[in-house]
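# Notes for the structure review
Listed here are the chains, written in short residue letters.
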Amino acid sequence: MSRPTTRTEQIRFNRLVRHFVHRFVDHELVAAGGELHQVFVTAFGLLGGFGFTLTLILFLRHTFLPDKMTAAVRNAIVTSDQTTLLLLVMAGTGFFVVLGWDALFTDRRDAFILGSLPIPTRTIFEAKLYAILLFFFLLVSAMQICSAILLPAVMFQQSVLRGIVVQAAVLTSSAAFVFFGAMALQGLLLLVLSYARFRQISAVLQICTLLASFGVVFLTPGLKAAVSGTVNWTHWLPAYWFLALWQTLMNQPPLLESGLGVRAVWSTVGAATVAFVAFACGYRRAMRKAVEGQEEAPAGPGPVQHALRKLLNATLLRDQRESAVFWFTWRTISRHRGHRLLLAVYLGLGLSWVLTEASNMIASGFAARTLRPSPVTCTIPLDLAFFLLAGLRVLFTLPVEVRANWMFRLTVGEQTPAVEGGTRKFLIFAGILPLGLLSLPAYVQAWGWENALIHTWFYLVETILLLEILMRQFHKIPFTCSWLPGKANLKVRLGAYFILFGFSSSMAGVLESNVLLHHSWRSAIVFSGILLALLGWFRWRRHQAAEEPWAITYEEQPDLAVRGLNLVR
């Protein structure tokens, strides 16, 4: 890679690198306000904070291990912690690769803007490659700097320096396998596909990579289960390849085949080689495809969607304003790639939450004799519905094209309840009902018709109550209001929602499981009465607020630093 020779070229090169690195984390999930330093502080602060917390927990765990513990037990604990570190580093790398998916190669926006400037393509190529390597270095450093310095002092007390070097090398290799593997896959697709077809397949791969990043943490079996099963999962799960490499380099008692460590090395080298070759061979072609290629127009509604639309418009969406908001929301989510990705993030979190709590239920194969009503099994659809509704609620605040909201400004008028009704009905029919209907056959098979119907009734009341809480003071049409990052403080608000919902969901699961286990109609009526009373109170508060004058919000206003007291004589 040639370096710039003049100061002007150096400044131009540095600005290109800053721009390309910024593109990796310039996303609604982490961007605090679009400014470079704020974006990086938020993004890598989250990684560093999580890494420090995990390191502190593991450090204290090893510090207070009893001295009389046998070497075999101590080695088993060290192996478990090594596996945890590998899984989290690989999952974190995959998550940030998904966020910067479009930034790995030049997208249409950069191709149009940079292609029109008097900058050589070679300079853009070198700046892009430098930015990729810089972002990978920052990503890996933020994830493991604390653990690489502190943990070897308690995990490998006989060879601390060697432990630091080996841990840093193995964790970096595992992150490189994920990062450059995704980059290689994108590069190969760009070489063989048209730009429009690449965008379609790339969107699917992006969501699959996101779900795999969550799944690698929560669905990877323990070492004992992975080796003792009918299928030796250590041959198929990359985390165990790098675990074998780690143990081999540290001369730990062998718990895995030594050949798996060699496989980890060759897989990392192969992924990086393919990524750089595809990047070097296809970068210029990728820029040309991005400029010359055309996005395929979204397909019209199929016969099933057309029939469903006619049915809903004739029965539940008779108000034209409700129908307009409902179908506008449907089409926006189905056509906007960024919003689908954000929704997949929340669904991935929900699936991870559920699968972690219900791992023993999944292992039982949904057998009716082993699936008794329990707090975990009773709240599976409720937990998924919470993450889905919370994700949609956040998406509704992110605009797609603010300047196009003039159509709603002219047509909505004063019929604001109809607008809110369309939004709420969309959440019910797109989020609440599908989960309830899809889970009903499984509960019928496990518990019988009576308990399954009672459970579905509780689920519907609880999720509608949850909908009332999440949609309080939401006086907007989805995707049409300007967004001020940081005003709502979503990180704090959603964190409080998650904690409150976790407690409420556990309590609801305990009460519902007691009702179903004892077949007590009296308890079922009391529990239903409590839920309906809460739902009625929230609806009454909403109707009381509707009587006060207010209007649909289209322009979010920042909080004033100085407020007038309106003191007049």
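Residues numbered from 1 in each chain as written. Predicted model: local features only at pLDDT ≥ 70, side-chain atom pairs only at ≥ 80, totals over all residues. Heavy atoms only, no water.

## Remarks on the overall build of the chain
- Counting its secondary structure elements, the chain contains 21 helices and zero strands.
- Here the chain holds 569 residues, and the buried ones make up 45% of them.
- At a minimum sequence separation of 6, the contacts of the chain that also span at least 24 residues come to 81%.
- For the chain, the accessible area works out to roughly 29,600 Å², and carbon and sulfur atoms hold 66% of it. (Helix = DSSP H or I, 4+ residues; strand = E, 2+ residues; numbered from the N terminus. Buried < 20%, exposed > 50% of the residue type's maximum accessible area, 1.4 Å probe, protein only. Contact = heavy atoms within 4.5 Å. Areas by Shrake-Rupley, 256 points an atom, 1.4 Å probe, with all protein chains shown as cover.)

## A look at a nonpolar patch on the surface
- The grouping of Phe52, Leu56, Leu60 and Phe64 at the surface amounts to a nonpolar patch, some 420 Å² of accessible area in total.
- Locating Leu60 in the fold gives a position in helix H2 (residues 36-63). (Patch = residues over 30% accessible without salt bridge, like charges linked within 9 Å, V, L, I, M, F, W, Y side chains within 5 Å. Salt bridge = Lys/Arg side-chain N within 4 Å of Asp/Glu carboxyl O.)

## Some points on the packing of aromatic side chains
- If you walk through the whole model with that rule in mind, you get 25 aromatic pairs.
- Seen in terms of ring centroids, Phe13 and Tyr130 are 5.9 Å apart; in terms of plane orientation they differ by 65°. Their pairing is edge-to-face. Here Phe13 is found in helix H1 (residues 7-25), whereas its partner Tyr130 is found in helix H5 (residues 121-155), with 117 residues between them in sequence.
- Judged by relative accessible area, which is 2%, Phe13 ranks as buried.
- Geometrically, the ring pair formed by Phe326 and Trp327 is edge-to-face, given 4.9 Å between the ring centres and 75° between the ring planes.
- A relative accessible area of 5% places Trp327 in the buried class.
- Grouping aromatic residues by their ring pairs yields a cluster made of Phe326, Trp327, Phe328, Trp330, Phe396, Phe426, Phe474 and Phe479.
- The residue whose ring lies beneath Arg309 is Trp327, and the NZ or CZ to ring-centre distance is 5.7 Å. (Phe/Tyr/Trp six-rings, centres within 6.5 Å; stacked < 30°, edge-to-face > 60°. Lys NZ or Arg CZ within 6 Å of the ring centre and 35° of its normal.)

## Quick look at the environment of Thr63
- Here Thr63 shows up in helix H2.
- Note on Thr63: relative accessible area 41%, which makes it partly exposed.
- A polar contact of 2.6 Å, which involves the side chain of Thr63, links it to the backbone oxygen of Phe59. (Polar contact = N/O pair within 3.5 Å; in protein donor to acceptor, adjacent residues only side chain to side chain.)

## Thoughts on the nonpolar core
- By size, the foremost hydrophobic cluster in this structure holds 76 residues, and its most contacted members are Phe179, Phe180, Met183 and Trp246.
- The set of elements that each furnish at least two residues to this core consists of H1, H2, helix H3 (71-99), H5, helix H6 (160-192), helix H8 (223-228), helix H9 (238-249) and helix H10 (259-292). (Core = buried A, V, L, I, M, F, W, Y, C linked by side-chain atoms within 4.5 Å.)

## Some words on the confidence of the model for the chain
- Per-chain confidence: the chain averages 81 in pLDDT, with 83% of residues scoring 70 or above.
- The low-confidence segment residues 32-36, where pLDDT is below 50, has eleven contacts with residues more than four positions distant or belonging to other chains.
- Low confidence marks residues 365-370, where pLDDT is under 50. Its contacts with residues over four positions away, or in another chain, come to five contacts. (pLDDT = per-residue confidence, 0-100.)

## Some details on helix H16 (residues 380-396)
- Helix length check: H16 (17 residues) gives 25 Å between terminal C-alpha atoms against 24 Å at 1.5 Å per residue, within 8%.
- Along H16, 17 of the 17 residues are buried, which leaves the element largely enclosed by surrounding structure. (Expected span 1.5 Å × (residues − 1).)

## Re the pattern of salt bridges
- Scanning all chains against the criterion turns up five salt bridges.
- For Arg61, the salt bridge identified is with Asp81, shortest N-O distance 2.7 Å. Linking Arg61 in helix H2 with Asp81 in helix H3, this pair joins segments that are 20 residues apart in sequence.
- What makes Arg61 partly exposed here is its relative accessible area of 37%.
- According to the relative accessible area criterion, Asp81 is buried, its value standing at 1%.
- Notably, a salt bridge pairs Arg122 with Glu126, separated by 3.1 Å at the nearest N-O pair.

## Examining the packing of H1 against helix H4 (residues 108-115)
- Running from N to C, H1 and H4 cross one another at 165°; their axes reach a closest spacing of 13 Å. When the axis of H1 is compared with that of H4, the two are roughly antiparallel. Of the two elements, H1 crosses H4, and the hand of that crossing is right-handed. Together, Leu16, His19, Phe20 and Arg23 of H1 and Arg109, Asp110 and Leu114 of H4 make up the contact between the two elements.
- Residue composition of the contact of H1 with H4, grouped by class: three nonpolar, one polar and three charged. (Axes fitted to C-alpha atoms, helices over the stretch in contact; angles between N-to-C directions. Parallel < 35°, antiparallel > 145°, perpendicular 65-115°, else oblique. Left-handed = near helix turned anticlockwise from the far one by under 90°. Nonpolar A, V, L, I, M, F, W, Y, C, P; charged D, E, K, R; others polar.)

## Description of unusual backbone geometry
- Even without being glycine, Asn251 reaches a positive phi, approximately 55°.
- Among the residues examined, Asn251 registers a relative accessible area of 58% and is labelled exposed.
- One non-glycine residue, His519, adopts positive backbone phi at about 50°.
- With respect to the secondary-structure elements, His519 resides in the loop between helix H20 (490-518) and helix H21 (521-546).

## A closer look at the packing of H3 against helix H7 (residues 195-218)
- Taken N-terminus to C-terminus, the directions of H3 and H7 make an angle of 160°; their axes are 8 Å apart at the nearest point. In terms of their interaxial angle, H3 and H7 are classed as roughly antiparallel. Here the hand of the crossing between H3 and H7 comes out left-handed. Residue-level contacts link Leu87, Leu88, Ala91, Gly94, Phe95 and Val98 of H3 to Gln206, Thr209, Leu210, Ser213, Phe214, Val216 and Val217 of H7.
- Looking at the contact of H3 with H7 residue by residue, the class counts come to nine nonpolar, four polar and no charged.

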